[in-house]
Amino acid sequence: MACFLNCVRFDVTTTTTDKPTSKGYGVTCYSSWDDVETLTSNFSRLIGSGGYSSIYMARFSGSDKAALKVHVSSHRLYQVFRLELDILLRLQHPNIVKLLGYFDDSEETGALLLEYLPQGNLQEKLHSSSKQVLPWRNRTTIAYQLVQAIVHIHEECTPQIVHGDIKSSNVLLDKNFDCKLCDFGSAKVGFSSMVQPPTMSTRSRQVRMVGSPGYTDPHYLKTGIASKKMDMYGFGVVVLELVSGKEAFSAERGEMLVHIAASLIREVLDTSVDIEDDKMRQFLDPRLSRDSVDIDELKSMLSVAALCIGSPPSLRPSAVQVAETLVQTIPSLSFLGCGKGV
Ligand SMILES: Nc1ncnc2c1ncn2[C@@H]1O[C@H](COP(=O)(O)OP(=O)(O)OP(=O)(O)O)[C@@H](O)[C@H]1O
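This one's a predicted model, so the numbers in the text were calculated from it and none came from an experiment.

The rules behind the values
- Residues numbered from 1 in each chain as written.
- Predicted model: local features only at pLDDT ≥ 70, side-chain atom pairs only at ≥ 80, totals over all residues.
- Heavy atoms only, no water.
- Core = buried A, V, L, I, M, F, W, Y, C linked by side-chain atoms within 4.5 Å.
- Buried < 20%, exposed > 50% of the residue type's maximum accessible area, 1.4 Å probe, protein only.
- Helix = DSSP H or I, 4+ residues; strand = E, 2+ residues; numbered from the N terminus.
- Contact = heavy atoms within 4.5 Å.
- UniProt positions renumbered as here; feature names shortened; annotations may be inferred.
- Polar contact = N/O pair within 3.5 Å; in protein donor to acceptor, adjacent residues only side chain to side chain.
- Near = heavy atom within 4 Å.
- Areas by Shrake-Rupley, 256 points an atom, 1.4 Å probe, with all protein chains shown as cover.
- Nonpolar A, V, L, I, M, F, W, Y, C, P; charged D, E, K, R; others polar.
- Pairing = 2+ DSSP bridges.
- 1 Å grid on protein atoms, 1.4 Å probe; cavity = no way out; pocket = protein on both sides within 12 Å on 5 of 7 lines; lining within 4 Å.
- Points joined across faces, edges and corners; volume = space filled by probe spheres on them.
- Axes fitted to C-alpha atoms, helices over the stretch in contact; angles between N-to-C directions.
- Left-handed = near helix turned anticlockwise from the far one by under 90°.
- Disulfide = S-S within 2.5 Å.
- Lys, Arg positive; Asp, Glu negative; His and termini not counted.
- Salt bridge = Lys/Arg side-chain N within 4 Å of Asp/Glu carboxyl O.
- Phe/Tyr/Trp six-rings, centres within 6.5 Å; stacked < 30°, edge-to-face > 60°.

Caption draft 1: Region of the structure containing the nonpolar core. In terms of nonpolar packing, the biggest core is built from 79 residues, with Phe235, Leu240 and Leu326 touching the most fellow members. Ranked by residues supplied to this core, first place goes to helix α4 (residues 136–156) with ten residues. Non-local contacts of leucine 326, meaning those with residues more than four positions away in its chain, are made with Ala143, Tyr144, Val147, Phe235, Ser300, Met301, Val304 and Leu333. Leu39, Tyr56, Ala58 and Val70 belong to the second largest nonpolar core, which has 13 residues in total.

Caption draft 2: Molecular detail of the UniProt feature "binding site: ATP" (unreviewed entry) in the protein. Within the UniProt annotation, "binding site: ATP" (unreviewed entry) is assigned to Lys69. Considering the arrangement of structural elements, one finds lysine 69 in strand β5 (residues 64–71). Excluding residues that lie within four positions of it along the chain, lysine 69 makes contacts with Ser53, Ser54, Ile55, Glu84, Gly110, Ala111, Leu112, Leu114 and Asp183. Within the structure, the side chain of lysine 69 is placed 2.9 Å from the side chain of glutamate 84, a separation counted as a polar contact.

Caption draft 3: Layout of the site of the ligand. Contacts to the ligand come from 20 residues, most closely from Gly51, Ser53, Lys69, Glu115 and Ser169. One of the side-chain nitrogen or oxygen atoms of lysine 69 is found 2.7 Å away from an oxygen atom of the ligand. One nitrogen or oxygen atom from the main chain of serine 169 is found 2.8 Å from an oxygen atom belonging to the ligand. Its free accessible area being 620 Å², the ligand has 92% of it covered by the protein chains. Elements with a minimum of two residues in the shell around the ligand: β3 (46–49), β5 and β7 (110–115). Broken down by class, the residue content of the shell around the ligand amounts to seven nonpolar, eight polar and five charged.

Caption draft 4: View of the pairing of β3. For β3 and strand β4 (residues 54–60), the ladder comprises three bridges, and the chain directions are antiparallel. Bridge pairing in β4 places serine 49 opposite serine 54. Counting the residues between successive antiparallel strands, the hairpin from β3 to β4 contains four residues.

Caption draft 5: Focus on the layout of surface pockets. Put simply, the second largest pocket is a space of about 230 Å³. Residue lining of the second largest pocket: 15 residues in total, with Gln123, Glu247, Phe249, Ser250 and Ala251 positioned closest to the centre. Its residues placed into classes, the lining of the second largest pocket shows five nonpolar, four polar and six charged.

Caption draft 6: Seen up close, the packing of α4 against helix α11 (residues 295–308). One can describe the packing of α4 onto α11 by two numbers: an axis separation of 12 Å at closest approach and a directional angle of 35°. The crossing of α4 and α11 is left-handed. Residue-level inspection shows Trp136, Arg139, Thr140 and Ala143 of α4 in contact with α11, the latter providing Glu297, Leu298 and Met301. Residue classes in the contact of α4 with α11 are distributed as four nonpolar, one polar and two charged.

Caption draft 7: Here's a closer look at the state of the cysteines. Using the criterion set out here, one finds zero disulfides in the structure. Looking at the unpaired cysteine 179, the closest cysteine sulfur is the one in cysteine 182, lying at 9.8 Å. You can call cysteine 179 buried: its relative accessible area is 0%.

Caption draft 8: Looking closely at the side chain of glutamate 297. Its place among the elements puts glutamate 297 in helix α11. Buried and unpaired, glutamate 297 has arginine 137 as its nearest opposite-charge partner, separated by 7.6 Å. Looking at glutamate 297, its side chain comes within polar contact range of the side chain of tryptophan 136, at 3.0 Å. Look past the residues within four positions of glutamate 297 in its chain and what remains in contact with it is Trp136, Thr140, Thr329, Ile330 and Pro331.

Caption draft 9: Quick peek at the packing of aromatic side chains. This structure, assessed with the given rule, holds four aromatic pairs. An angle of 70° between the planes, with centres 5.0 Å apart, marks the rings of phenylalanine 43 and tyrosine 56 as edge-to-face. Placement of phenylalanine 43 in the loop between α1 (33–39) and β3 and of tyrosine 56 in strand β4 is noted, with a sequence separation of 13 residues between them. Residue classification places tyrosine 56 among the buried residues on the basis of a relative accessible area of 17%.

What follows is the structure, given as structure tokens:
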């Protein structure tokens, strides 16, 4: 079976033989489904699942842990796989999940072999009932690293990339709790905005536009225009989650975090009001000890979140501006490598 790529990076080796090949630190192309079965020991351990795929534990080069993301048996899912593959082949950044290899039958089955992130996703870390609490310092570091990943796709790649689904379950954590952005299956490439064709059927419009509850930019929902600013909106919601420990959307209460935070955010943005420390602290994740959180850092995180979810989108800051603000206002971020364990 052959591997076809529209966009082949120099360090990818493709093969039409039965043996997978790789070169240096390059990406391996697996040409047979048997290879995929071997990598995952016959799909014996499911480690995650999403709307588009299932993720299995795999062994890379016989020993290193890896994660295999499989999209099977549907042309639509195959297209999601192709998009994600093409994008990951072009990305190399310490805060973006690394592609190790892939399988592509060029019709309806594709699989991505990714570096394994042992601490799972940020959503689970923040909202599971586990006793392990993510300390404040890790939370500010994750916000900074996530925005660095966004700077990379928005400003440093040619053509530029809009992720399109920034949310805490798409933020993975390595053993040091450093962040890696994943899931480029909703990305838009090569232009900063896109209008949905007006002729699109109601059903396909729903599939494309609903997004993830609690994270989707209302401007995008209204207009169908996707832009870098929608990524900044998703980022703002993730920062609110990091600060409050609350979910972006609570299905139980039917409540969105942006609505819970609305009055506090208005005050944070109002320069004529000197917001009380206590008011900000009330919004803080109750599992964090008050003394561990510097009030100026808390205010900085809240201000960044407030600006990112603001309206109109044109007034939202860019990822570069957010990165600069965070590093100027949170001293620990000047010493990178500070995302060490919980
Ligand atoms: N490299 C990895 N290492 C460890 N766990 C992973 C890895 N990749 C994915 N996962 C787990 O699988 C989950 C789903 O992954 P991902 O978001 O890529 O799938 P998806 O089908 O695109 O999901 P979505 O419904 O968000 O579009 C993640 O939230 C995470 O828990």
